[in-house]
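If you want the building blocks of each chain, they are given just below.
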Amino acid sequence: MHPRKRPRKNASAMKLVGKLVARFREAAGLTQRELAERVSTHEETIASIEQGRRPLKPDMAHVLDQLLDTKGALETAVENMPEVDLIPAWAEQYMDLESEAIALSWFENQVLPGLLQTKNYAKAVFRSKVPILSEEEINAQVTARLKRQEILRRSVPPTASFVISEAILLDRLGGDEVHKETLRHLRTCADLPGITLQVMPLGQQTHAALSGPFIVLETADHQHLGYIETQRGSQIIADPDEVSILAQKYAMLRTQALNTEETKRLLDRLRGEQ
């Protein structure tokens, strides 16, 4: 079965574990906020776990068992869940992290980062998918993508740095009108507070990310994670050594790319040439 058609097999098991967390928390006389404070996480994280929307990870299960004096019940439940239940659908796992991130560093060489896409550009992206998506599926995907962009409009938005290949700006995905709209949108984004946009020009003699696009993000509790996608899957990277390598790559990319003012001038020039 195609991944986008696959039912969430882990939904029932995640809800069961979430109900256990809620029952143990209530027995201990704690609110969700109080429990979140004791385990150094967000109230929304505890709520999501209890509602079965977010998996309980083994390390948190261990902490909760100790805090709630549950004799290892939560660790046992997590350890004995099927593997599919321990790891949510990859896209959902990343989007959960993205929605709470306080900093994002994003390199792309083929397509605009989802957080910078316009509605029409996003439609063009999903219309390019193979196998072909139905119009209903395209609209649902576009709506979800635009909703993700709400993090850039938070009262305290994440610090977001984007390095994108010049090839993305030269492609006319969706046609000339979409291309014009996209360049206008990017030029506006380049002036937004908290956003840094840099273009990696074509014709480079050195390039720190020849292996492809990636993201480094910082969570609200200051954990640094990496994220990479392939044609048929993706990977969340938590190992500090591996995340450090991605961070080093990104730091080098920023020195090789046009600076922010040069990037704005390039966008202005491309818009003027149309």
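Note that this is a predicted model, so its numbers are computed, not measured.

What counts, and at which threshold
Residues numbered from 1 in each chain as written. Predicted model: local features only at pLDDT ≥ 70, side-chain atom pairs only at ≥ 80, totals over all residues. Heavy atoms only, no water. Salt bridge = Lys/Arg side-chain N within 4 Å of Asp/Glu carboxyl O. Buried < 20%, exposed > 50% of the residue type's maximum accessible area, 1.4 Å probe, protein only. Helix = DSSP H or I, 4+ residues; strand = E, 2+ residues; numbered from the N terminus. Pairing = 2+ DSSP bridges. Phe/Tyr/Trp six-rings, centres within 6.5 Å; stacked < 30°, edge-to-face > 60°.

Student: Please give an account of the pattern of salt bridges that cites residues and values.
Tutor: When charged atoms on two side chains of opposite charge get close, those side chains can pair. Within this structure, the stated rule accounts for 14 salt bridges. Ionic pairing is found between D69 and K71, a salt bridge with its closest N-O pair at 3.3 Å. The pair D69 / K71 is uniform in exposure class, with both members exposed. Between R271 and D268 there is a salt bridge, and its shortest N-O distance comes to 3.9 Å. Taken together, the positions of R271 and D268, both in helix 13 (residues 260-272) and three residues apart, correspond to about one turn of that helix. Take R271: its relative accessible area is 34%, and that puts it in the partly exposed class. Of the residues examined, D268 reaches a relative accessible area of 35% and is grouped as partly exposed. Taken together, the salt bridges that share partners define one network made up of R187, D191, E261, K264, D268 and R271.

Student: Lay out helix 3 (residues 43-50) with the relevant residues and their values.
Tutor: Along helix 3, six of the eight residues are buried, which leaves the element largely enclosed by surrounding structure. Of the positions making up helix 3, those classed as buried are T45, I46, A47, S48, I49 and E50. Immediately downstream of helix 3, the backbone of G52 shows phi near 80 degrees, a positive value.

Student: Outline the pairing of strand 5 (residues 224-230), listing residues and values.
Tutor: Here four bridges tie strand 4 (residues 214-218) to strand 5, and the two strands are oriented antiparallel to one another. Looking at strand 5, one finds that V216 is bridged to G226. Once strand 4 ends, the chain turns through five residues before running back antiparallel as strand 5, passing H222 with a positive phi of about 65 degrees. Pairing geometry for strand 5 and strand 6 (residues 233-237), over five bridges, is antiparallel.

Student: An account of the packing of aromatic side chains is needed here, citing residue identities and associated values.
Tutor: Within the structure shown, the criterion is met by four aromatic pairs. Consider the rings of F107 and F214, whose centres lie 6.2 Å apart with planes at 50 degrees: the pair is tilted. Of this pair, F107 sits in strand 1 (residues 103-108) while F214 sits in strand 4, and the two are 107 residues apart along the sequence. Each member of the pair, F107 as well as F214, is classed as buried. The interplanar angle of 85 degrees and the centroid separation of 6.3 Å between the aromatic rings of F214 and Y250 together place this pair among those described as edge-to-face. Placement of F214 in strand 4 and of Y250 in helix 12 (residues 240-256) is noted, with a sequence separation of 36 residues between them. There is no split in this pair, since F214 and Y250 are both buried. Linked through ring pairs, F107, F214 and Y250 together constitute an aromatic cluster.

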